Amino acid sequence: MTDVFDTTDDSDTPGSTFPSADPGVCAIFVDFDGTLVEIADRPEAVSVSDALPGLLSDLVDVANGAVCIVSGRSVEVILSFLPSFAGDIVGCHGGETRICGVASEHRLSGSEEVKLLFEDCSAFAEERPGVQAEAKPTGAVLHYRRASEAVAQEVKDYAAELERRHGAFELHPAKMALEFRPPDVGKEKAVERLMRAAPYAGRMPVYFGDDTTDEPALSWVRARGGLSVKVGTGETGAEFRAESPQDVTRFLKRMTQKE
Ligand SMILES: O=P(O)(O)OC[C@H]1O[C@H](O[C@H]2O[C@H](CO)[C@@H](O)[C@H](O)[C@H]2O)[C@H](O)[C@@H](O)[C@@H]1O
C-alpha cells in the first residue's frame, strides 16, 4: 500500500489531526450517528445536512464503490435518512447488510425473541420519564439521554436483568443508551468480511466512528495498517481523531476532490 497518505496542511480543517487519503486505494467505512450526523436528543431527531447525500454519492464514485455505512441502526432506517445512498450498508451492528444492493439478515431478525425483548423494553420505558425504547430487527435499545441520573441508573439495572432473562442477546453500552444485539455480530466482523471481497479487498481500510461499539472495528483497521479515526472525545484505540461530524465531512470532501 503506497502513496496513500498526503499530509498536506489543509487550513479548512483546523481540528483535523489525521492525514488525507487517496480514495482510489481506500476501502471507506463510516459510522452514522455521531460521525456523519450530530447526536440528537432522540434517535428520530437527527438531521442530515443538505450536502451529505451528494458528498456520499461522489465518494462512492471516486472509491469505485468501496464505501460502506456501518451502523447500529437498521438498513431501512439508514435509507430513510439517506434514500439516495448507493454504497453498501451494514446495519444493526452487522445483523443486517445491503451489499451491492443485495439484502441479508441475521437469523434472529424479526423473530419472536426480538419481539419479546422489545415488549419488555417498551413496557419499562413507558413508565419512566425520559426513557425511550427503540425497536430493531435484531434487538432493541433502551435510551436514557433525557432521563434523570436516578432513572438512568434504573435503566442500567433493568438492562442487566433483561440480559439475564433474554439469553439470545448481549448487552452493549452506547452513547446514553444500552443496546441488545445477538452475540455473534459486531462491526469489526462485518468490516473483516467485506475486506475479503471486491471492491474492498486489497485496499487500505479507513474507518470513522465515534462510539464504543465502533472501537473493535477501529482497532481492527489500525492493526492492519489502515486509517482509524475516532470522532469526538473519549478513550480510543484509533490512531487519529476528528473533532466532529463536520470535521469528518470536510475530510471526505477533500477525498472526493483528489486528482
Ligand atoms: O452505529 P451508529 O450509526 O453510530 O448508531 C448507534 C446508535 O445510534 C442511535 O443512538 C445514538 O444516537 C441518537 C441520536 O443522535 C441519540 O439520541 C442516542 O443517545 C445515541 O445512543 C440509534 O438510536 C441507535 O439505534 C444506534 O445503534
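Residues numbered from 1 in each chain as written. Predicted model: local features only at pLDDT ≥ 70, side-chain atom pairs only at ≥ 80, totals over all residues. Heavy atoms only, no water.

(A) Structural context of the site of the ligand. In the vicinity of the ligand lie 21 residues, with D31, A40, K175, E179 and K187 positioned nearest. For the ligand, an oxygen atom lies 2.7 Å from a polar atom in the side chain of S71. Side-chain polar atom of K136 to an oxygen atom of the ligand: 2.8 Å apart, as the coordinates give it. Protein contact buries 99% of the 570 Å² of open area that the ligand shows by itself. Going through the elements one at a time, β8 (132–136) and β11 (177–181) are the ones with two or more residues in the shell around the ligand. When we break the shell around the ligand down by domain, the ones giving at least three residues each are domain 1 (3–106 + 185–256) and domain 2 (112–181). (Near = heavy atom within 4 Å. Polar contact = N/O pair within 3.5 Å; in protein donor to acceptor, adjacent residues only side chain to side chain. Areas by Shrake-Rupley, 256 points an atom, 1.4 Å probe, with all protein chains shown as cover. Helix = DSSP H or I, 4+ residues; strand = E, 2+ residues; numbered from the N terminus. Domains from an automatic or database assignment.)

(B) Examining the pattern of salt bridges more closely. Using the criterion set out here, one finds 14 salt bridges in the structure. K187 is the partner of D31 in a salt bridge, and the nearest nitrogen-oxygen pair spans 3.0 Å. In this pair, D31 is assigned in the loop between β3 (26–30) and α1 (52–62) and K187 in helix α5 (residues 187–194), connecting sequence segments 156 residues apart. For K187, a relative accessible area of 1% translates into the label buried. Its salt-bridge partner being R250, residue D247 comes within 3.8 Å of it at the nearest N-O pair. Of the two residues, D247 and R250 both sit in helix α7 (residues 245–256), three residues apart, roughly one turn of that helix. Taken together, the shared-partner salt bridges in this structure form one network comprising D31, K187 and D214. (Salt bridge = Lys/Arg side-chain N within 4 Å of Asp/Glu carboxyl O. Buried < 20%, exposed > 50% of the residue type's maximum accessible area, 1.4 Å probe, protein only.)

(C) Representation of the sheet that holds strand β14 (residues 240–242). Strand order in this open sheet of eight strands is β7-β6-β5-β4-β3-β12-β13-β14, and the pairing throughout is mixed. Two strands bound the open sheet, and with one partner strand each, they are β7 (102–105) and β14. The sheet shows a mean angle of 15° between the axes of neighbouring strands, direction not considered. Note that strand β6 (residues 96–99) and β7 share four bridges and pair antiparallel. Opposite E96, over in β7, you have E105 as the bridge partner. (Pairing = 2+ DSSP bridges. Axes fitted to C-alpha atoms, helices over the stretch in contact; angles between N-to-C directions.)

(D) Structural context of the confidence of the model for the protein. Per-residue confidence for the protein averages 93 on the pLDDT scale, and 92% of its residues sit at or above 70. Low pLDDT, under 50, characterises residues 1–15; the stretch is placed with 26 contacts to residues that sit more than four places away or in other chains. Across the interfaces of the predicted complex, the ipTM metric reaches 0.99, alongside a pTM of 0.94. (pLDDT = per-residue confidence, 0-100. Contact = heavy atoms within 4.5 Å.)

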